[in-house]
Amino acid sequence: MQQCNDDTVNSNGVCLRVYGKVQGVGFRPFVWQLAQQLGLKGDVCNDAQGVEVRLLGNEREFLALLQQQCPPLARIDMVTSAPFCWSVLPLDFAIRHSAGGAMNTQIVPDAATCPACLAEMNDPSERRYRYPFINCTHCGPRFTIIHAMPYDRPNTAMASFPLCPVCEAEYRDPLDRRFHAQPVACHECGPALEWRSGEQHAHGEAALQAAIALLKSGGVVAVKGIGGFHLACDATSQAAVMHLRARKHRPAKPLAVMLPGAEGVTTQAQRLLATPAAPIVLVEKERVSGLCEAIAPGLDEVGVMLPANPLQHLLAQELQRPLVMTSGNLSGKPPVISNDEALSDLADIADGFLLHNRDIVQRMDDSVVRASGEMLRRSRGYVPDAMSLPPGFNDLPPMLCLGADLKNTFCLLRGNSAVPGQHFGDLTDEGVEAQWRSALRLMQDIYDFHPEQVVVDVHPGYRTHQWASSYGLPVQTVLHHHAHAAACLGEHGWPLEGDDVIAITLDGIGMGEGGELWGGECLRVNYRECEHVGGLPAVALPGGDLAAQQPWRNLLAQMLEFVPDWQRYPETADIQRQNWPMLARAIERGVNAPKASSCGRLFDAIACALGCAPLHLSYEGEAACQLEALAASVASVEHPVQMPLCGTMLDLAAFWQSWLNWQATPAERAWAFHDALAQGLAVLVRQEAALRGIHVLVFSGGVMHNRLLKKRLQHYLAEFTLLFAHQLPAGDGGIAFGQGLVAAARAIPPAL
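Draft legend 1. View of helix 18 (residues 652–660). Here helix 18 has its buried residues at Leu652, Phe655, Trp656, Ser658, Trp659 and Leu660. Measuring from the backbone nitrogen of Ala653 back to the side-chain oxygen at the start of helix 18 gives 3.2 Å, which picks out Asp651 as the cap.

Given below as structure tokens:
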């Protein structure tokens, strides 16, 4: 670039740098058309910083329209302007080839099929009629097909599909909505469907029809999507769903459902379903007609989605019924992403395979949100959107934050923004860890990201902690629950030098100060400091990790700790049918029975006492979900149950005494537990906030996804400013972002 100076002839040239989500979204043709409209000369190109526009002429009107008429998937974060002198004056406006450099722009998440492509796919007169991979600059795969930046076709999974002459002409035409749409293709030159079922083998439309026929007959089909495989079956057929559950060894965990339309769900849910992110949205089960009981047994919510890609649209249009769309994986294993993996790993689950020959570069699970917009799992459609850091976090050196071992996401922090990675799940599984390592390498390569330090959870047993130690960089550790609280503060834009807050962090387990195991804490928090000021008392976890899988163990531990005459209560019948004396001796001797102040395990104990959870859980959080659903079946309850304070700790002995001796229906008792816990926490928070003159409260940890508990806390603490996680999951999916904020804050000297 040639800059103007005193020795050059003055001109009215200007160089604009556009930062944000401006690549892969039709931004350059938009700029080209805008320049033509205004009669401006110059050029535009992509580079690793974003988009560079060099103009000859008055740029004021151009800048105004640039912001006003931005393409639908684009987002402009900042535009800078500098004088520019042309060595040769341009005669028109051109689109230049992409340039390289250090990556500092945003990659666009995959986007659901846009209305224009959907209409084209359903129009028999169009050459892409019923083409399962139709896309344009406003929709289609992005992040899941990228090998490197800049985002150009040779750097994507589409490099192996040379364009036919017609597609090539569209790709080169700035007036076409497929101008430089990197996944552009058609029946002649692009990816194609393939069907496999035993000896059956078909391609194209015949492959699609074979899959449809099998789904209609009650079979299970493995469908290759954009970021992974789904296992699909008829969601209205109890037999088909139970068949899938038996084969997948998934007896009770709720299954996501793809609807042909959004009729019946709330307007709020419809808006989320129709966004380019096209997430799974949790809605009231009673609003979705036709689903069999086996979809979400015992729960009052069901996760629904609308078709998010052309192939899903074709299936939904033909079948006109809800379809199960659950992740294509063996129980406890990562979702498969290649055809060979699917044919091998899913052979005992699927009756047929609807495949295609476009590679999935990045695994990307479906995102899950509530109708309120609360994020439960952040992945497809949202990743890799960047998040701006709060005021005071500026010019940060690159930091790699590795998150927790469960519900893992990682996060890259640099400058004044953070890029959270996609959901991976349990890193203790070797297959999940392999996908995680691959994605981490690719993300760093794409962003030209070279971390100067690694940030991890303080727990030395975490895979992430152990992996960081071998990385060869300085390692910072952050308390699990400090990271929870910091993540919530960060997404709400709480400034670096903001006042202290009181944080309630409730989850299953995380390492606290001095190696203690926390899970029900009241903390005084800022980004740099975390002080424990109260919470739930620590109770044994009989059998260690088994306590998270067998709720009766937690009920036994609670009874032994707080209820001396527990055997006389009918709520303990399930315990008494187990070999509890041996476990009691182990607790007494401290053998494989570490103590933890776990709110999650308290929920498990209550669910066991009410008989609304199995003795052996089939998925994480099953007992708590069943308990919440049971409590939600009543509107509200007058009750005598209390969870008072004993100093700065909740008095569980008093709680159990009042709760066990109060006779009511299971649903009423479930509601009363939620209410008593919220009231007890509110008393604790009010006490500690008053001592410190604090008016802002933060709530985080996986238990805070519980809607009823959140409502009761809001009821009891209405006079405070309450901050709940929303953009990031309240659970461990937000940990990495919080780790980065804590580590960064420690490195910045406090303001005087």
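Read on for the rest.
Draft legend 2. Local environment of the packing of aromatic side chains. Counted by the stated rule, this structure contains 14 aromatic pairs. Plain terms: the ring middles of Trp436 and Trp467 are 5.4 Å apart, the flat faces sit at 75° to each other, and that makes the pair edge-to-face. Note that Trp436 is positioned in helix 10 (residues 430–446) and Trp467 in helix 11 (residues 463–469), a separation of 31 residues in sequence. Between Trp467 and Tyr471 the ring centres are 4.9 Å apart and the planes differ by 45°, which places this aromatic pair in the tilted class. Exposure remark for Trp467: the relative accessible area of 12% places this residue in the buried category. What links up through ring pairs into an aromatic cluster is the set Phe603, Phe655, Trp656, Trp659 and Phe673.

Draft legend 3. Quick look at the pairing of strand 7 (residues 200–203). Here strand 6 (residues 193–197) runs beside strand 7; their pairing, made up of four bridges, is antiparallel. Bridging across to strand 7, Arg196 finds its partner in His201. As consecutive antiparallel partners, strand 6 and strand 7 are separated by two residues, and within that stretch Gly198 has a phi angle of approximately 60°, a positive value.

Draft legend 4. The nonpolar core, seen in detail. Membership of the largest hydrophobic core comes to 76 residues, with the highest contact counts inside it found for Leu315, Leu354 and Leu402. When residues in this core are grouped by element, the largest group, seven residues, is from helix 10. Excluding anything up to four places from it in sequence, Leu354 contacts Leu193, Glu194, Trp195, Ala207, Leu208, Ala211, Val221, Ala222, Val223, Lys224, Leu311 and Leu315. Judged by nonpolar contacts, the second largest core, of 74 residues, contains Ile502, Trp662, Ala689 and Ala730.

Draft legend 5. Representation of the layout of surface pockets. Estimates place the volume of the second largest pocket at around 720 Å³. Lining the second largest pocket are 29 residues, with Glu284, Asp300, Glu301, Arg707 and Lys711 positioned closest to its centre. Only helix 7 (267–273), strand 11 (280–284), helix 17 (622–632) and helix 20 (707–716) provide two or more residues apiece to the lining of the second largest pocket.

Draft legend 6. Representation of empty space enclosed by the protein within the structure. Counted under the stated rule, the structure contains four cavities of 30 Å³ or more. Considering only enclosed or pocket space, the largest cavity measures out at about 120 Å³ in volume. For the largest cavity, the lining is made up of 18 residues, of which Pro132, Ile226, Asn309, Pro310 and Arg358 are closest to its centre. Each residue belonging to the lining of the largest cavity can be placed in one class, and the counts come to 10 nonpolar, six polar and two charged.

Draft legend 7. A look at the packing of helix 13 (residues 551–562) against helix 18. Interhelical geometry of helix 13 versus helix 18 gives an angle of 105° and a closest axis separation of 9 Å. Here helix 13 lies roughly perpendicular to helix 18, going by the angle between them. Taken together, the residues of helix 18 that come into contact with helix 13 (itself represented by Leu555, Gln558, Met559 and Phe562) are Leu652, Ala653, Trp656 and Leu660. Looking at the contact of helix 13 with helix 18, its residues break down into seven nonpolar, one polar and no charged.

Draft legend 8. Just the sheet that holds strand 13 (residues 323–327), in detail. Here we have 11 strands laid out as an open sheet, ordered 7-6-14-8-9-13-10-12-11-15-16, and mixed in their pairing. Looking at which strands have only one partner, the edges of the open sheet turn out to be strand 7 and strand 16 (375–377). Helix 6 (residues 238–248) rests against strand 9 (229–234) and strand 13 of the sheet, and its axis sits at about 145° to strand 9.

Draft legend 9. Quick look at the pattern of salt bridges. A full pass over the atoms with the stated rule returns 43 salt bridges. We note a salt bridge from Asp365 to Arg363, for which the minimum N-O separation is 2.7 Å. Each member of the pair, Asp365 as well as Arg363, carries the same accessibility label: buried. A salt bridge links Glu433 to Arg463; its shortest N-O distance comes to 2.6 Å. Within this pair, whereas Glu433 is found in helix 10, its partner Arg463 is found in helix 11, the two being separated by 30 residues in sequence. Exposure remark for Glu433: the relative accessible area of 12% places this residue in the buried category. Each of Asp300, Glu301, Arg370, Glu374, Glu628, Arg707 and Lys710 takes part in one network of salt bridges that share partners.

Reading the values: rules and limits
- Residues numbered from 1 in each chain as written.
- Predicted model: local features only at pLDDT ≥ 70, side-chain atom pairs only at ≥ 80, totals over all residues.
- Heavy atoms only, no water.
- Buried < 20%, exposed > 50% of the residue type's maximum accessible area, 1.4 Å probe, protein only.
- Helix = DSSP H or I, 4+ residues; strand = E, 2+ residues; numbered from the N terminus.
- Polar contact = N/O pair within 3.5 Å; in protein donor to acceptor, adjacent residues only side chain to side chain.
- Phe/Tyr/Trp six-rings, centres within 6.5 Å; stacked < 30°, edge-to-face > 60°.
- Pairing = 2+ DSSP bridges.
- Core = buried A, V, L, I, M, F, W, Y, C linked by side-chain atoms within 4.5 Å.
- Contact = heavy atoms within 4.5 Å.
- 1 Å grid on protein atoms, 1.4 Å probe; cavity = no way out; pocket = protein on both sides within 12 Å on 5 of 7 lines; lining within 4 Å.
- Points joined across faces, edges and corners; volume = space filled by probe spheres on them.
- Nonpolar A, V, L, I, M, F, W, Y, C, P; charged D, E, K, R; others polar.
- Axes fitted to C-alpha atoms, helices over the stretch in contact; angles between N-to-C directions.
- Parallel < 35°, antiparallel > 145°, perpendicular 65-115°, else oblique.
- Salt bridge = Lys/Arg side-chain N within 4 Å of Asp/Glu carboxyl O.

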